[in-house]
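Chain residues, written in single-letter form:
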Amino acid sequence: MGAVLLSPFYLLLHLYLAIRILSWFSAIGGPLGSTWTSILFLIPFALVTVSPLLGAFTHGRLKRTAKQISNYWLGILLYLALFLLLSDIIRILLCLGTHQPFSLAAWSSKSADTVSRTATVIGDAVVFAATVFLSIYGILHARQVKKVTCSVKIPKSCELSISKSEHTETISAQKPEADTVCTSKIRSNANLKIALVADLHLGYSVGLPQIKKIADIIREMEPDLIVFAGDLFDNEFAAIGQPEECARILASLKSTYGSFACWGNHDVEELIFAGFTFHSKETKVFGSPQMNQFLEASGIRILEDETLLIDNAFYLTGRLDASCQKSGKASVRRIRQRQSKSRIPSSAHTQEESFAYPQPGDSNFCRSASGKPVTGRKTPAELTAGLDPEKPHIVIDHQPSELPELAAAGADLVLSGHTHDGQLFPASLITRIGWKNSRGKLCIENMTSIVTSGAGVWGPAMRVGTNNEVVEISMQAMS
């Protein structure tokens, strides 16, 4: 719906850009001011304008090419429009000051004086040069991943394992009602080293090269726990290049307790147009069968409003995404899924005959394709009910939207992503105003919130003023 509402603005913006660029050509004159030059410019300009539409409604190689072009173009468009608008605001102020009429193309016309035409040529040349510079920088910077470190002290005590061996798992039959991950070799009040990754957005813009960089950073950490805080995928599994190799690298990561994740709002197969999702009226299904197979092959355990008791020392909860709201108390039909270790399909067009998605008539808004029963996102109070309040409680919640509520419910550490820290300046300024914690560490009562800017990109395949990152968290439980 957002893309539909913004479509007229999008088209008007491109009309404005076309007029401004052609007026610059006219101001330069010579071959650039000819009709043929205008035609040769307008053809590729029209193609990049409709590239989001082609990427949404075509298939195969054309779809991939259009998606990649549109992802780059959306970032270029942002800065080109901002700089040209700033340039025109200055022009308007100059016209008001000199009592001259303002027109987008007036200063480039043959009737304009030489000074005005020269000012147009030089001014717009600076605009285009700045756009090219920032775009190239943003594209290259988006391919980099940095390591960020932070420490957290929890006002509770626990015993943590130093074993790097494989762990076994049992199901606790007594309260607190949580799965129990067991290891050996215990040490008291030790630091728990957590590798936090969020917002990979595996797809057209993020793939195997980024996974390799992230994996190298995590291996260097030698973490006790690896956490993926949502948006591992970018809505389309078919967009991932070399999914089997990506899964193999993720599966090779070693840690004391393993790798865990929660779903994010983009971990759903939905139509994407210019970065916006088209929500269907059908039940929302988190994690397509292919996504679940990928996570299984990657050794990543997805937690859907579930809590694990690790080493009988601390709790780990993974929340359903905030976009999955509870809509009733009706019983939930378990989704059937063949338990298979088969290889990951490399195309979303593969038929998934062994899987049964929830039906639109079901009473709840969201479901999981993992085969687990899901009744909608639980409240923080429901998540912590029955847990031992003396044990540290770590919560993975993709969107940092309920931090005060989680603090009141007794959570000690909340790990999130989603914000991207705005990804592109000046959007980062808006994000930092709009979120209680847009990025970094924030203490709320006895709880600590850590939000990462993410390890991938959404929409524009660029980062300006923000970083892709993997966060190393050193958590110490204090007596």
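Residues numbered from 1 in each chain as written. Predicted model: local features only at pLDDT ≥ 70, side-chain atom pairs only at ≥ 80, totals over all residues. Heavy atoms only, no water.

A contiguous nonpolar surface patch, about 720 Å² in accessible area, is contributed by Trp 36, Ile 39, Ile 43, Leu 47, Val 50, Leu 53 and Phe 57. Note on placement: Leu 47 falls in helix H2 (residues 35-57). (Patch = residues over 30% accessible without salt bridge, like charges linked within 9 Å, V, L, I, M, F, W, Y side chains within 5 Å. Areas by Shrake-Rupley, 256 points an atom, 1.4 Å probe, with all protein chains shown as cover. Salt bridge = Lys/Arg side-chain N within 4 Å of Asp/Glu carboxyl O. Helix = DSSP H or I, 4+ residues; strand = E, 2+ residues; numbered from the N terminus.)

Turning our attention to the packing of aromatic side chains. Taken as a whole and assessed by the stated rule, the structure comprises 10 aromatic pairs. Ring geometry for Trp 24 versus Phe 25: centroids 5.9 Å apart, planes at 40°, classification tilted. The same class applies to Trp 24 as to Phe 25, namely buried. Aromatic rings pair up to connect Trp 24, Phe 25, Phe 41, Phe 45, Trp 73 and Phe 128 into one cluster. (Phe/Tyr/Trp six-rings, centres within 6.5 Å; stacked < 30°, edge-to-face > 60°. Buried < 20%, exposed > 50% of the residue type's maximum accessible area, 1.4 Å probe, protein only.)

This part takes up the sheet that holds strand S20 (residues 469-477). Reading across the sheet, the six strands line up as S1-S20-S6-S7-S8-S12 and stay open at both edges, with mixed pairing between neighbours. The open sheet has two edge strands with one neighbour each: strand S1 (146-154) and strand S12 (300-302). Ignoring strand direction, the axes of neighbouring strands in this sheet form an average angle of 25°. Here six bridges tie strand S6 (residues 191-197) to S20, and the two strands are oriented antiparallel to one another. Bridge assignment links Leu 192 to a residue of S20, and that residue is Met 475. (Pairing = 2+ DSSP bridges. Axes fitted to C-alpha atoms, helices over the stretch in contact; angles between N-to-C directions.)

Turning our eyes to something else, we now look at helix H6 (residues 243-251). Taken residue by residue, H6 has Pro 243, Cys 246, Ala 247, Ile 249 and Leu 250 as its buried positions. For H6, the angular spread of the buried residues around the axis is 160°, confining them to a single face. Where H6 is buried, its residues meet helix H5 (208-221), strand S7 (225-229), helix H7 (289-298) and S12. (Arc of directions from axis to C-beta. Contact = heavy atoms within 4.5 Å.)

Take the nonpolar core next. Ranked by size, the top nonpolar core spans 39 residues in total, and within it Phe 228, Phe 233 and Phe 294 carry the most contacts. Within the residue set of this core, elements represented by two or more residues are S6, H5, S7, H6, H7 and S12. No other element matches the seven residues that H5 contributes to this core. Ranked by size, the runner-up nonpolar core spans 27 residues in total, among them Val 227, Cys 262, Leu 413 and Leu 415. (Core = buried A, V, L, I, M, F, W, Y, C linked by side-chain atoms within 4.5 Å.)

This part covers the packing of H6 against H7. It is the contact of H6 with H7, at a shortest axis distance of 7 Å, that shows an interaxial angle of 40°. One finds that H6 runs oblique with respect to H7. Judged by residue contacts, Pro 243, Cys 246, Ala 247, Leu 250 and Ala 251 of H6 engage Phe 294, Ala 297 and Ser 298 from H7. Residue composition of the contact of H6 with H7, grouped by class: seven nonpolar, one polar and no charged. (Parallel < 35°, antiparallel > 145°, perpendicular 65-115°, else oblique. Nonpolar A, V, L, I, M, F, W, Y, C, P; charged D, E, K, R; others polar.)

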